[in-house]
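Take a look at the letters that make up each chain.
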Amino acid sequence: MKKFFLLFLIFVAPIFAQEETLDKVIAVVDNEVILKSELEVRASVEATRSGGNPKDPKFRDMILQRLIDEKLLYAQAELDSIFVSDEQVDQQLDQTINYYIQQYGSKEVIEKAYGMSIEKIRREMRESTRKEMMTSMVRQQKFGTLSATRREVKEFYVENKDSLGLIPQRFDVSHIFMNPQKNEKVKKVARDFAQTLLDSIKRGADFAQLAKDNSDDPGSAKQGGDLGSVKRGVFFPEFEAAAFKLQKNEISDVVESPVGYHIIQLLDRKGESIHTRHILVKIKSNDETELAAIESLSEIRDSIMNTDKGFSYFAQKYSDDKQTASFGGHLGVFEVSQLDDNLKNVVYKMKEDEISFPKRLEMNKSTVGYHIVKLNKKTPEHKPTFEEDYEDLKKLAEYNKKQTMYEAWMKELRTKIFWEIKE
């Protein structure tokens with residue numbers, strides 16, 4: 001997805017509004033052209049990301065060569081008859097644009113920032129998205145399954161041993177998480193309030209005004225709960241299951257999803273796209289439920305330390321983080337830079353096999369609770385060794401192998417497919 005987010009940034013880059021330049025073709029690759037404006041935008045975006053100078057001739061030439069490579073990959077994708085359907089493009093555009101709607105808060109903010117409607121942005125991005133998907137597919141077909149044998153990893157390690165640098169300090173961490181919002185009392189309060197709002201709508205209250213006054217979805221509340229037209233697969237399954245059953249203008253019963261309770265109205269439907277509005281009532285914890293979560297976690301910690309049942313057993317039985325509970329609460333192995341500040345402050349002070357006292361944790365924007373953390377293992381910074389760090393070395397060897405083969409392949413494409421720089 002990162003590639004498509006970059007594509008979005010490149011397209012909507014404010015540089016378009018900063019200066020007007022007389023556009024011209026600066027390179028030709030097969031049936032494609034590279035325009036001066038395209039180079040200007042890409043150089044500006046890449047300079048912002050890397051700290052380069054977009055006016056530096058060497059930097060600009062590097063960016064131009066990248067653009068040429070992208071066009072060569074697209075030309076090869078066409079030669080290989082790689083096909084991307086309209087449905088696949090629509091799905092990718094939906095994901096990209098909905099990601100940015102979440103980041104900016106609403107589609108109206110995006111439209112105002114870039115001076116065009118979401119639909120126009122979609123139209124303008126459509127062909128670029130299709131080409132990017134095709135080039136990704138041709139690379140995946142060529143190098144996606146490439147791996148390194150143990151012998152190749154060993155050779156890579158021996159050849160690069162002195163230049164590999166250090167393996168960073170790492171922390172192997174597990175946790176047990178409790179969500180105060182799972183408490184049945186606070187769930188009932190939220191559901192009862194949602195039912196009260198629904199009853200008001202049935203008695204003739206204005207849906208849009210109730211959404212503005214009461215919805216806990218800030219992105220849509222200002223628009224009277226309007227969520228716009230969205231294809232299937234974007235909303236929570238529970239939301240979609242209810243919304244797709246509705247008739248035009250029909251209003252649902254109270255619907256529960258992972259973020260709370262919804263009242264949904266279907267405004268329009270075209271095929272697999274629905275235009276809805278909703279009122280969201282989030283489940284909000286209180287002092288009582290938060291204290292109960294802390295006390296429960298404290299009791300679990302005591303049980304782990306005083307019984308022969310390990311951390312994994314209690315995580316599977318009690319953790320509200322269902323993604324990790326089935327794995328005994330294992331969060332993963334993290335480098336220092338990958339730890340958020342809260343978790344970093346906890347594990348840095350811990351010894352191996354130590355279990356923390358309950359700490360507050362924000363799982364995401366809608367889920368806040370408490371957890372206890374176990375530090376399974378702390379690996380200090382060290383020079384890589386073949387046996388201890390084999391998996392890291394294997395990834396490096398595979399990356400090196402892919403890059404070497406990719407560069408050789410690109411040189412080959414430059415001899416097979418026509419390209420020319422015009423300036």
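Everything discussed here concerns the structure shown above.
A few points on the structure. (Residues numbered from 1 in each chain as written. Predicted model: local features only at pLDDT ≥ 70, side-chain atom pairs only at ≥ 80, totals over all residues. Heavy atoms only, no water.)

1. Structural notes on the overall build of the protein
And step 1. The number of helices and strands found in the protein is 17 helices and 11 strands.
And step 2. A principal-axis box enclosing the C-alpha atoms of the protein has dimensions of 70 × 60 × 40 Å.
And step 3. Within the protein, buried positions represent 43% of all 423 residues.
And step 4. Summarising the internal contacts of the protein: among those between residues at least 6 apart in sequence, 68% fall at separations of at least 24.
And step 5. Averaged over its 66 positive side-chain charges, the protein has a centre that lies 0 Å from the centre of its 71 negative ones. (Helix = DSSP H or I, 4+ residues; strand = E, 2+ residues; numbered from the N terminus. Buried < 20%, exposed > 50% of the residue type's maximum accessible area, 1.4 Å probe, protein only. Contact = heavy atoms within 4.5 Å. Lys, Arg positive; Asp, Glu negative; His and termini not counted. Charge placed at Lys NZ, Arg CZ, Asp CG, Glu CD.)

2. A closer look at the sheet that holds strand β1 (residues 25-29)
And step 1. Pairing is antiparallel in the open sheet, where 3 strands are placed in the order β2-β1-β11. In this open sheet, the two edge strands, each paired with only one partner strand, are β2 (32-35) and β11 (419-421). Across the sheet, the axes of successive neighbouring strands diverge by a mean angle of 20 degrees, strand direction being ignored.
And step 2. Across 3 bridges, β1 lies against β11 in antiparallel orientation. Of the residues in β11, the one forming a bridge with Ala-27 is Ile-421.
And step 3. Helix α4 (residues 57-79) rests against β1, β2 and β11 of the sheet, and its axis sits at about 160 degrees to β2. (Pairing = 2+ DSSP bridges. Axes fitted to C-alpha atoms, helices over the stretch in contact; angles between N-to-C directions.)

3. Observations regarding the sheet that holds strand β7 (residues 273-281)
And step 1. Reading across from one edge, β4-β7-β6-β5 is the order of the 4 strands in this open sheet, with antiparallel pairing throughout. Where the open sheet ends on each side, the last strands, each with one partner, are β4 (226-231) and β5 (255-257). Adjacent strand axes in the sheet meet at a mean angle of 45 degrees when their direction is disregarded.
And step 2. Sheet topology note: the β4/β7 ladder contains 5 bridges and is antiparallel.

4. What about the side chain of Asp-321?
And step 1. Its place among the elements puts Asp-321 in the loop between α14 (311-318) and α15 (322-325).
And step 2. As a buried residue without a salt bridge, Asp-321 has its nearest oppositely charged side chain in Lys-322, at a separation of 8.7 Å.
And step 3. A polar side-chain atom of Asp-321 sits 3.0 Å from a polar atom in the side chain of Thr-324.
And step 4. Ignoring any residue separated from it by four or fewer positions in sequence, one finds Asp-321 in contact with His-175, Phe-177, Leu-331 and Met-363. (Salt bridge = Lys/Arg side-chain N within 4 Å of Asp/Glu carboxyl O. Polar contact = N/O pair within 3.5 Å; in protein donor to acceptor, adjacent residues only side chain to side chain.)

5. Regarding the pairing of β2
And step 1. Burial along β2 is one-sided: Glu-32 and Ile-34 are buried, and none of Val-33 and Leu-35, which face the opposite way, are.
And step 2. In the sheet, β1 pairs with β2 via 4 bridges, with the strands oriented antiparallel. Note on β2: the bridge partner recorded for Val-29 is Glu-32.
And step 3. Once β1 ends, the chain turns through 2 residues before running back antiparallel as β2, passing Asp-30 with a positive phi of about 55 degrees.

6. As for the packing of helix α13 (residues 287-306) against α14
And step 1. For the pair α13 and α14, the least separation of the axes is 9 Å and the interaxial angle reads 150 degrees. As summarised for this structure, α13 and α14 are arranged roughly antiparallel, according to the angle between their axes. Crossing hand, α13 versus α14: right-handed. Note on element contacts: α14 touches α13 through Phe-311, Phe-314 and Tyr-318, opposite Ile-300, Ser-303 and Ile-304.
And step 2. Classifying every residue of the contact of α13 with α14 gives 5 nonpolar, 1 polar and no charged. (Parallel < 35°, antiparallel > 145°, perpendicular 65-115°, else oblique. Left-handed = near helix turned anticlockwise from the far one by under 90°. Nonpolar A, V, L, I, M, F, W, Y, C, P; charged D, E, K, R; others polar.)

7. Some words on helix α9 (residues 184-202)
In an α-helix, one full turn covers 3.6 residues, which means residues spaced three or four apart are oriented alike.
And step 1. Between the first and last C-alpha of α9 there are 26 Å, a value that for 19 residues agrees with the 27 Å anticipated at 1.5 Å per step.
And step 2. Buried residues along α9 sit in contact with α10 (207-214), β5, β6 (260-270), β7 and α13.
And step 3. A positive backbone phi angle near 110 degrees is found at Gly-204, which sits one or two residues after α9. (Expected span 1.5 Å × (residues − 1).)

8. Comments concerning the pattern of salt bridges
And step 1. Applying the stated rule across the entire model yields 29 salt bridges.
And step 2. The partner of Glu-46 in a salt bridge is Arg-66, and the shortest N-O contact between them spans 3.5 Å. With a gap of 20 residues between them, Glu-46 in helix α3 (residues 36-50) and Arg-66 in helix α4 connect regions that are remote in the sequence.
And step 3. The closest approach of N and O atoms between Lys-188 and Asp-192, which form a salt bridge, is 2.8 Å. Taken as a pair, Lys-188 and Asp-192 lie in helix α9 at a separation of 4 residues, close to a single helical turn.
And step 4. Residue Asp-192 is classed as partly exposed on the basis of its relative accessible area of 37%.
And step 5. One salt-bridge network, held together by shared partners, links Asp-86, Asp-90, Asp-94, Arg-122, Arg-126, Glu-127, Arg-130 and Lys-231.

9. Quick word on the packing of helix α5 (residues 86-104) against helix α7 (residues 118-143)
And step 1. Packing of α5 against α7 brings their axes to within 9 Å, and their N-to-C directions diverge by 120 degrees. By the angle between their directions, the pair α5 and α7 is classed as oblique. Judged by the twist between their axes, the crossing of α5 over α7 is right-handed. For the pair α5 and α7, contact is made by Asp-86, Gln-88, Val-89, Asp-90, Gln-92, Leu-93, Asp-94, Thr-96 and Ile-97 and by Ile-118, Arg-122, Met-125, Arg-126, Thr-129, Arg-130 and Met-133, respectively.
And step 2. By residue class, the composition of the contact of α5 with α7 is 6 nonpolar, 4 polar and 6 charged.

10. Some details on the packing of aromatic side chains
And step 1. Within this structure, the stated rule accounts for 8 aromatic pairs.
And step 2. Ring centres of Phe-314 and Tyr-318 lie 6.2 Å apart, and the angle between their planes is 15 degrees; on these two criteria the pair is classed as stacked. Of this pair, Phe-314 and Tyr-318 both sit in helix α14, 4 residues apart, roughly one helical turn.
And step 3. Directly above the aromatic system of Phe-357 lies the positively charged group of Arg-301, at a separation of 3.9 Å from the ring centroid. (Phe/Tyr/Trp six-rings, centres within 6.5 Å; stacked < 30°, edge-to-face > 60°. Lys NZ or Arg CZ within 6 Å of the ring centre and 35° of its normal.)

11. Side note on the side chain of Asn-179
And step 1. If you trace the backbone, Asn-179 turns up in the loop between β3 (170-178) and α9.
And step 2. Classification of Asn-179 by relative accessible area gives buried; the value is 10%.
And step 3. Setting aside residues up to four positions removed in sequence, Asn-179 forms contacts with Asp-320, Thr-367 and Val-368.

Limitation: the analysis is restricted to geometry and does not speak to function.
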